[in-house]
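# Examining the three-dimensional arrangement
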Amino acid sequence: DAGVTQSPTHLIKTRGQQVTLRCSPKSGHDTVSWYQQALGQGPQFIFQYYEEEERQRGNFPDRFSGHQFPNYSSELNVNALLLGDSALYLCAGQNSGANVLTFGAGSRLTVL
Amino acid sequence: KNQVEQSPQSLIILEGKNCTLQCNYTVSPFSNLRWYKQDTGRGPVSLTIMTFSENTKSNGRYTATLDADTKQSSLHITASQLSDSASYICVVSKKGCDYKLSFGAGTTVTVRA
């Protein structure tokens, strides 16, 4: 049984560009959360998707948007990239009735 | 202000020695507290999860304690191994808002031979 998979693992963009990150939760997960983790910091909650809708959102601007598909996979989109968006972006899956989060390995985004 | 504070920020220990990491939180009302291990460049992996009624929980050489009255938790690593080198993150969830977790900044542990 595959764990949570994220792609791409690494990518480099320039300021002003747009990026799409992808996440496939493991079997049994119906809820996907996205986190941003700057170097040396703990993850910061971006938003959570359940039943293809954004259920809750952290303190991130509208440049950050997402989507969940019928197969529970999810995308994180970031528009008009800033240097400060450089970070590790983590996806976490869970079953809506359970406490346990399972994280993917993350996508390392570098904005130049 | 971060609702979860961890200390120390980093520490170096010799292989075979023990160490204890601290986590203080202000999240209220409290639901549960988790410790995660995060290897460099990887996603966090759950070590323990404790609810209000649990004082201690072990996972192999990792033992977590919780004092919900003082809002403090510790993670004790026994007989450290080189593979224990990682960042250890304390995560607290708020009752009724389990989707929104409060993460500490982590303690970076380096185990040297």
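Just above sits the structure.
The model shown is predicted, which means the values in this text are computed figures rather than measured ones. Throughout this description, residue numbers start from 1 for each chain and increase along the sequence as written. Here chains are named by letter from A upward and ligands by number from 1 upward, in the order in which they appear as written. pLDDT decides what is reported in this predicted model: residues at 70 or higher carry local features, side-chain atom pairs at 80 or more are listed and counted, and totals for whole chains, interfaces and linings draw on all residues regardless. The side-chain figures draw on all heavy atoms in the structure; neither hydrogens nor water molecules are used.

## Focus: the sheet that holds strand β1 (residues 4–7) of chain B
Within a beta sheet, neighbouring strands are joined by backbone hydrogen bonds and run either parallel or antiparallel to one another. All names here are of chain B. DSSP calls a pair of strands paired once it identifies at least 2 bridges connecting them. Put simply, DSSP marks the helices as runs of H or I at least four residues long and the strands as runs of E at least two long, and each gets a number from the N terminus on. Pairing is antiparallel across the open sheet formed by five strands, whose spatial order is β1-β3-β8-β7-β6. Two strands lie at the open edges of the sheet, namely β1 and β6 (56–59), each paired on one side alone. Pairwise comparison of adjacent strand axes, ignoring direction, gives a mean angle of 15° for this sheet. Bridging between strand β3 (residues 19–25) and strand β8 (residues 72–77) involves six bridges; their strand directions are antiparallel. What sits directly across from Q22, in β8, is S74. Axis geometry follows a simple rule: fit a line to the C-alpha atoms, using only the stretch in contact for helices, then measure angles between N-to-C directions, giving values from 0 to 180 degrees.

## Examining the nonpolar core
Among the nonpolar cores identified, the biggest contains 25 residues, and B:L21, B:Y25, B:L33, B:W35, B:L75, B:Y88 and B:V92 are the most heavily contacted of them. Of all the secondary-structure elements, those providing two or more residues to this core are β2 (10–14), β3, β4 (30–38), β5 (45–51), β7 (62–67), β8, β9 (86–94) and β11 (107–112) of chain B. By nonpolar core we mean a set of buried residues, namely Ala, Val, Leu, Ile, Met, Phe, Trp, Tyr and Cys, connected to one another through side-chain atoms within 4.5 Å. Burial status follows relative accessibility: with a 1.4 Å probe on protein chains alone, a residue under 20% of its type maximum counts as buried, one over 50% as exposed, and anything between as partly exposed. Grouped together as the second largest cluster of nonpolar side chains are 20 residues, A:L11, A:W34, A:F47 and A:C91 included.

## Notes on the pairing of β2(B)
All names here are of chain B. Burial along β2 is one-sided: L11 and I13 are buried, while S10, I12 and L14, pointing the other way, are not. In this sheet, β11 lies alongside β2 in parallel orientation, the contact comprising five bridges. Bridging across to β11, I12 finds its partner in T110.

## Points about the environment of A:Q94
All names here are of chain A. Relative to the elements of secondary structure, Q94 occurs in strand β9 (residues 87–94). Among the residues examined, Q94 registers a relative accessible area of 9% and is labelled buried. In this structure the C-alpha to C-alpha distance between Q94 and K26, which are 68 residues apart in sequence, comes to 8.4 Å. Note on definitions: a residue-residue contact is assigned when non-hydrogen atoms from the two residues lie within 4.5 Å. Excluding anything up to four places from it in sequence, Q94 contacts H29, D30, T31, S33, Q48, N99, V100 and L101.

## Considerations on the state of the cysteines
Working definition: a disulfide is two cysteine sulfur atoms within 2.5 Å of each other. With the rule as written, the count across this model stands at two disulfides over all chains. Between A:C23 and A:C91 runs a disulfide, and the two sulfur atoms are separated by 1.8 Å. Disulfide A:C23 to A:C91: torsion about the S-S bond roughly -60°, handedness left-handed. Here A:C91 lies in strand β9 and A:C23 lies in strand β3 (residues 19–24), a separation of 68 residues in the sequence. The same class applies to A:C23 as to A:C91, namely buried. Each sulfur of the disulfide joining B:C23 and B:C90 lies 2.0 Å from the other. Because the torsion about its S-S bond is -65°, the bridge between B:C23 and B:C90 counts as left-handed. Here the residue B:C23 occupies a position in strand β3, and B:C90 occupies one in strand β9, the gap between them amounting to 67 residues. The exposure class of B:C23 is buried, given its relative accessible area of 0%. Judged by its relative accessible area of 0%, B:C90 is buried. No disulfide involves B:C19; its nearest neighbouring cysteine sulfur is the one of B:C90, lying 15 Å away.

Take it as geometry only, folks, not as evidence of what the structure does.
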